[in-house]
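Each chain, written out:
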Amino acid sequence: MKITNDIIYVGVNDRIIDLFEGQYIVPNGMAYNSYVILDEKTAVMDSVDKKFTHEWLDNVADALAGRSPDYLIVQHMEPDHSANIVNFLKAYPSATVVSSAKAFTMMKNFFGDEFEDRRLVIADGSTLSLGKHTLNFVAAPMVHWPEVMMTYDSTDKVFFSADAFGKFGALDADEDWACEARRYYIGIVGKYGVQVQALLKKAASLDIQTICPLHGPILTENLGYYLGLYDTWSSYGVESEGIVIAYTSVYGNTQRAAELLAEKLKAKGCPKVVLNDLARSDMAECVEDAFRYGKIVLATTTYNADIFPFMREFINHLTERGFKNKTVALIENGSWAPLAAKVMRGMLENCKNLTFTETTVRITSALNDSSKEQIENLAGELCRDYIAQSSETANKNDLTALFKIGYGLYVVTSNDGKKDNGLIVNTVSQVTNAPNRVAVCINKDNYSHHVIKQTGIMNVNCLSVEAPFKVFESFGFRSGRNVDKFENCEPLRSDNGLVFLPKYINAFMSLKVEQYVDLGTHGMFICSVTEARVISDKETMTYTYYQDNVKPKPEIKGKKGWVCKICGYVYEGDELPDDFVCPLCKHGAADFEPIG
């Protein structure tokens, strides 16, 4: 299979395997990917599992068509990719092994040989010329082993991503990418979100047109989709709206409580309810669901003065992978001394940014009127935002939404008649309360200012502390005149027809412009409130919180050059070109300042 004119796929499909890494069920097998780059010099990218030595060597020989390879590039030392290094070198004794220093140490462990007489040690930023192809090496430590190097071919714009962007399943498996890639990522790489975020920052500066992972299909289209999912997964964000109920049950009473809660959640507008019996479901898929959705209910029995073993195992899987940024509800069952809620909360105490519901359901042996009422209250608490988002069930005159206004950060949405638009503002204030009037200041240079002057309406979305940096990238770094800021979003609409954000806000207000004040560089819109909804009790995102906790800190230690004041991108060099445009936020040279 040709990837480009010069890059040929030489990997193999494994339909024999039943458990990957001895624990993950892979009903559709696995792919072990390897590639050959043909140029003045030839390079083979990684090997495959030991069960497929001869098939792989045959594939390599066919691709080389009689040529001898110059290099074997070893990006990752897990045996499913490195097992055939020695066999390859026996077949091609003149080839040089290219890898990181840590990888050669691991070769000593695996094979008893570091190949000192035929090796080339590379590090982050190293390059290797094959002729017209130049390979640029990118260190990716702990994604997900410490020795990992990835490779960018700047000629064909191909990114060889080692285990990143991989998935379970053979290449000929007809299945959705995201489902098995998510289970693969969360199970195997999930602990290392910080390191994946660092990798994505490096990747953002590369012009990538093709991603070649070591597992799963070659990615050539809609790369923003895959990069976006990796950004969400590695930042522990919410990928899908919904609620997961994970339960264990001995005699069926806790199961009945979980099922009753699921019915009530659906009735109150929850878009997706996932019910997982931890004793019977694939544990890896249960863990995947816990990271995918923003809310989770843990329901279990007190068992030997502790909790049921499958629940303990499940929570251990969550904590060891850095579980965070979720809303958690607890249901406990105990006949004489219920302890499950206390134990579960204790196991989660070191997880960051977990919000526990006010309601904890306690069942004493079986459901009764009291525990059923608790389940009703819990369902209402978990679905508060869904109730507020629905046009049919929302309280549209909840003027406590005005209490969410502070010196915060907001997304102001509008519509120019063709598409929805939004921008970040930090100047919103309530100016009167009889009648309620809200003032919004917007820079005249922003396209939204022009749109709102024409239409006379807007929505103010009050960002909560849950909002990640990508919200500010989307609404703050691009002009709505040139891009569709809601292209990859499914927004909700208020009664005035404008969008409000489906997540990351604690309230929104629909405003009608009553007066306009020209402030020179800015315009002040003084507005009446036509609709107001409170979505959640999360704290409002302040400018200080954004600066301290959300905006990425530029890595400038030991570097010389220029740093973008908007997003922190670092340009290394003595002089910054006048026409330079930041590859991350698209701001020009005027928004850079010298380092040091």
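An account of the accompanying structure is given in this report.

Criteria and cut-off values
- Residues numbered from 1 in each chain as written.
- Predicted model: local features only at pLDDT ≥ 70, side-chain atom pairs only at ≥ 80, totals over all residues.
- Heavy atoms only, no water.
- 1 Å grid on protein atoms, 1.4 Å probe; cavity = no way out; pocket = protein on both sides within 12 Å on 5 of 7 lines; lining within 4 Å.
- Points joined across faces, edges and corners; volume = space filled by probe spheres on them.
- Helix = DSSP H or I, 4+ residues; strand = E, 2+ residues; numbered from the N terminus.
- Nonpolar A, V, L, I, M, F, W, Y, C, P; charged D, E, K, R; others polar.
- Buried < 20%, exposed > 50% of the residue type's maximum accessible area, 1.4 Å probe, protein only.
- Contact = heavy atoms within 4.5 Å.
- Patch = residues over 30% accessible without salt bridge, like charges linked within 9 Å, V, L, I, M, F, W, Y side chains within 5 Å.
- Areas by Shrake-Rupley, 256 points an atom, 1.4 Å probe, with all protein chains shown as cover.
- Salt bridge = Lys/Arg side-chain N within 4 Å of Asp/Glu carboxyl O.
- Pairing = 2+ DSSP bridges.
- Axes fitted to C-alpha atoms, helices over the stretch in contact; angles between N-to-C directions.
- Core = buried A, V, L, I, M, F, W, Y, C linked by side-chain atoms within 4.5 Å.
- Left-handed = near helix turned anticlockwise from the far one by under 90°.

### Some details on empty space enclosed by the protein
Turning to step 1, where the next piece is worked out: Evaluation of the coordinates by the stated rule reveals one cavity of 30 Å³ or more.
Turning to step 2, where the next piece is worked out: By volume, the largest cavity is sized at about 70 Å³.
Turning to step 3, where the next piece is worked out: The wall of the largest cavity is formed by Tyr185, Ile186, Gly190, Thr232, Trp233, Tyr236, Gly237, Phe291 and Arg321.
Turning to step 4, where the next piece is worked out: Those elements giving two or more residues to the lining of the largest cavity turn out to be helix H5 (177-189) and helix H7 (223-234).
Turning to step 5, where the next piece is worked out: Classifying every residue of the lining of the largest cavity gives five nonpolar, three polar and one charged.

### Considerations on the environment of Phe469
Turning to step 1, where the next piece is worked out: Among the secondary structure elements, Phe469 is positioned in helix H15 (residues 469-476).
Turning to step 2, where the next piece is worked out: Judged by its relative accessible area of 12%, Phe469 falls in the buried class.
Turning to step 3, where the next piece is worked out: Along the sequence, Phe469 and Pro552 sit 83 residues apart, while their C-alpha atoms lie 7.7 Å from each other.
Turning to step 4, where the next piece is worked out: In this view, Phe469 contacts Phe477, Tyr546, Val550, Lys551, Pro552 and Cys567; residues no more than four positions away in its chain are not counted.

### Some thoughts on a nonpolar patch on the surface
Turning to step 1, where the next piece is worked out: Taken together, Val250, Tyr251 and Tyr303 make up a surface patch of nonpolar side chains, about 350 Å² in accessible area.
Turning to step 2, where the next piece is worked out: Take Val250: its relative accessible area is 39%, and that puts it in the partly exposed class.

### A few points about the sheet that holds strand S11 (residues 127-129)
Turning to step 1, where the next piece is worked out: Here we have five strands laid out as an open sheet, ordered S11-S12-S13-S14-S15, and mixed in their pairing. Looking at strand neighbours, the two that pair on one side only are S11 and strand S15 (210-212), the edges of this open sheet. Ignoring which end each strand starts from, the neighbouring axes of this sheet average 20 degrees apart.

### Digging into the nonpolar core
Turning to step 1, where the next piece is worked out: Counting residues in each nonpolar core, the largest one holds 94 residues, and the members touching the most others are Phe88, Met150, Leu298, Phe314 and Phe323.
Turning to step 2, where the next piece is worked out: Of all the elements, H5 adds the most residues to this core, at eight residues.
Turning to step 3, where the next piece is worked out: Here Phe314 is in contact with Ala246, Leu278, Met283, Cys286, Val287, Ala290, Ile296 and Leu298, once residues within four sequence places are set aside.
Turning to step 4, where the next piece is worked out: Listed in part, the 30 residues of the second largest apolar core include Leu463, Met541, Leu576 and Phe580.

### Quick notes on the sheet that holds strand S34 (residues 592-594)
Turning to step 1, where the next piece is worked out: Taking strand neighbours across the sheet as the criterion, the three strands line up as S33-S32-S34 in an open arrangement whose pairing is antiparallel. Every interior strand has two partners, whereas the edge strands, strand S33 (570-572) and S34, have only one. Strand-to-strand twist of the sheet, defined as the mean angle between neighbouring strand axes without regard to direction, takes the value 25 degrees.
Turning to step 2, where the next piece is worked out: Note that strand S32 (residues 561-564) and S34 share three bridges and pair antiparallel. Residue pairing in the sheet places Val563 in a bridge with Glu593 of S34.

### A look at the environment of Gly334
Turning to step 1, where the next piece is worked out: By secondary structure assignment, the location of Gly334 is in the loop between strand S20 (324-333) and helix H11 (340-347).
Turning to step 2, where the next piece is worked out: It is 9.6 Å that separates the C-alpha atoms of Gly334 and Ala305, two residues lying 29 residues apart in sequence.
Turning to step 3, where the next piece is worked out: If we skip the residues at most four places from it in the chain, Gly334 touches Thr302, Ile363, Thr364 and Ser365.

### Considering unusual backbone geometry
Turning to step 1, where the next piece is worked out: Between Val143 and the following residue, His144, the backbone shows a cis peptide bond with an omega angle of 5 degrees.
Turning to step 2, where the next piece is worked out: Within the secondary structure, His144 is located in the loop between strand S12 (134-139) and strand S13 (149-153).
Turning to step 3, where the next piece is worked out: For the bond from Ala434 to Pro435, the omega torsion is 0 degrees, close enough to zero to count as cis.
Turning to step 4, where the next piece is worked out: The residue Pro435 is located in the loop between strand S25 (428-433) and strand S26 (436-443) in this model.
Turning to step 5, where the next piece is worked out: Non-glycine residue Ala65 carries a positive phi angle of around 50 degrees.
Turning to step 6, where the next piece is worked out: Take Ala65: it is sitting in the loop between helix H1 (53-64) and strand S8 (71-73).
Turning to step 7, where the next piece is worked out: By relative accessible area, Ala65 is classed as exposed at 66%.

### What to know about the pattern of salt bridges
Turning to step 1, where the next piece is worked out: All chains considered together, the criterion is met by 26 salt bridges.
Turning to step 2, where the next piece is worked out: Linking Lys202 and Asp124 is a salt bridge whose minimum nitrogen-to-oxygen distance equals 3.6 Å. Of this pair, Lys202 sits in helix H6 (residues 193-204) while Asp124 sits in the loop between strand S10 (119-122) and S11, and the two are 78 residues apart along the sequence.
Turning to step 3, where the next piece is worked out: When salt bridges with common partners are traced through the structure, they connect Asp14, Asp49 and Lys51 into a single cluster.

### A look at the packing of H5 against H7
Turning to step 1, where the next piece is worked out: For the pair H5 and H7, the least separation of the axes is 12 Å and the interaxial angle reads 35 degrees. The two elements H5 and H7 cross, and the hand of that crossing is right-handed. Facing H5, whose interface residues are Trp177, Ala178, Ala181, Arg182 and Tyr185, H7 presents Tyr225, Tyr226, Leu229, Tyr230, Trp233 and Ser234.
Turning to step 2, where the next piece is worked out: Looking at the contact of H5 with H7 residue by residue, the classes come out as nine nonpolar, one polar and one charged.

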